[in-house]
Amino acid sequence: SHPPIALSGKNYVERGQAIHLFCNTTGPDGFRHSIDWFKDGDKIDHSNYKHVVITSYNMVEPNVSVSELLINRSNPSDTGTYICRSPSGYIDSTRVTVLFADSSNVKR
């Protein structure tokens, strides 16, 4: 048995790296899932988050849908709590932190 919703992805990324989150949800037979994404309580849509790409698809496994959130080049402003919500009201969240070191901190 699967939980009704599960959110996964890295909690820490370096500035400029991709943020890639996956939200899996299950529902009743024949149900097509439209998963909503939020950042710090604000609904993510293309008008206010132009750099965020959301892709959704249904799995071969019955009643499982997946939604992916992708930010190709992260900035410190992308740090926050990301939430995915299924149409039946199940919610999962994760905190993502974009790490940035000043230029004097050179990798050896």
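The rules behind these values
Residues numbered from 1 in each chain as written. Predicted model: local features only at pLDDT ≥ 70, side-chain atom pairs only at ≥ 80, totals over all residues. Heavy atoms only, no water. Helix = DSSP H or I, 4+ residues; strand = E, 2+ residues; numbered from the N terminus. Buried < 20%, exposed > 50% of the residue type's maximum accessible area, 1.4 Å probe, protein only. Contact = heavy atoms within 4.5 Å. Areas by Shrake-Rupley, 256 points an atom, 1.4 Å probe, with all protein chains shown as cover. Core = buried A, V, L, I, M, F, W, Y, C linked by side-chain atoms within 4.5 Å. Lys, Arg positive; Asp, Glu negative; His and termini not counted. Salt bridge = Lys/Arg side-chain N within 4 Å of Asp/Glu carboxyl O. Polar contact = N/O pair within 3.5 Å; in protein donor to acceptor, adjacent residues only side chain to side chain. Pairing = 2+ DSSP bridges.

Student: Before we go on, may I ask you to explain the overall build of the protein in this structure?
Tutor: Scanning the protein for helices and strands turns up zero helices and nine strands. Tracing the protein from N to C terminus, the helices and strands come up as β-β-β-β-β-β-β-β-β. Here the protein, with 108 residues, has 29% of them falling under the buried criterion. Taking all contacts inside the protein whose residues are at least 6 apart in sequence as the whole, residues at least 24 apart take part in 58%. Surface accessibility of the protein: about 6,900 Å² in total, with carbon and sulfur atoms responsible for 51%.

Student: Which parts of the structure should I look at to understand unusual backbone geometry?
Tutor: Phi is mostly negative for residues that are not glycine, and the peptide bonds are mostly trans. One non-glycine residue with positive phi stands out, namely Asp40, at about 50°. When you line up the elements, Asp40 lands in the loop between strand 4 (36–39) and strand 5 (42–43). Taking the relative accessible area as the measure of exposure, Asp40 reaches 46% and is therefore partly exposed.

Student: Is there a simple way to think about the nonpolar core in this case?
Tutor: Grouped burial of nonpolar side chains is what soluble globular proteins tend to show. Judged by nonpolar contacts, the single largest core of 17 residues is most densely connected at Ile19, Leu21, Trp37, Leu69 and Tyr82. The set of elements that each furnish at least two residues to this core consists of strand 1 (5–9), strand 3 (19–26), strand 7 (64–71), strand 8 (80–85) and strand 9 (91–99). It is strand 3 that provides the largest number of residues to this core, a total of three residues.

Student: What is the right way to look at the side chain of Glu68 in this model?
Tutor: Relative to the elements of secondary structure, Glu68 occurs in strand 7. The charged side chain of Glu68 is buried without a salt bridge, its nearest counter-charge being Lys10 at 14 Å. There is a polar contact of 2.8 Å between the side chain of Glu68 and the side chain of His20. Apart from the residues within four sequence positions on either side, Glu68 is in contact with His20, Leu21, Phe22, Trp37, Val53, Ile54, Thr55 and Tyr57.

Student: How should the pairing of strand 6 (residues 52–58) be read in this particular structure?
Tutor: Here is the key point about a regular strand: its side chains alternate between the two faces of the sheet. Pairing analysis gives seven bridges linking strand 6 to strand 7, with the strands arranged antiparallel. Looking at the pairing, Val53 lines up with Leu70 of strand 7. The turn joining strand 6 and strand 7, which pair antiparallel and follow one another in sequence, is formed by five residues; a positive phi near 65° is taken by Asn63.

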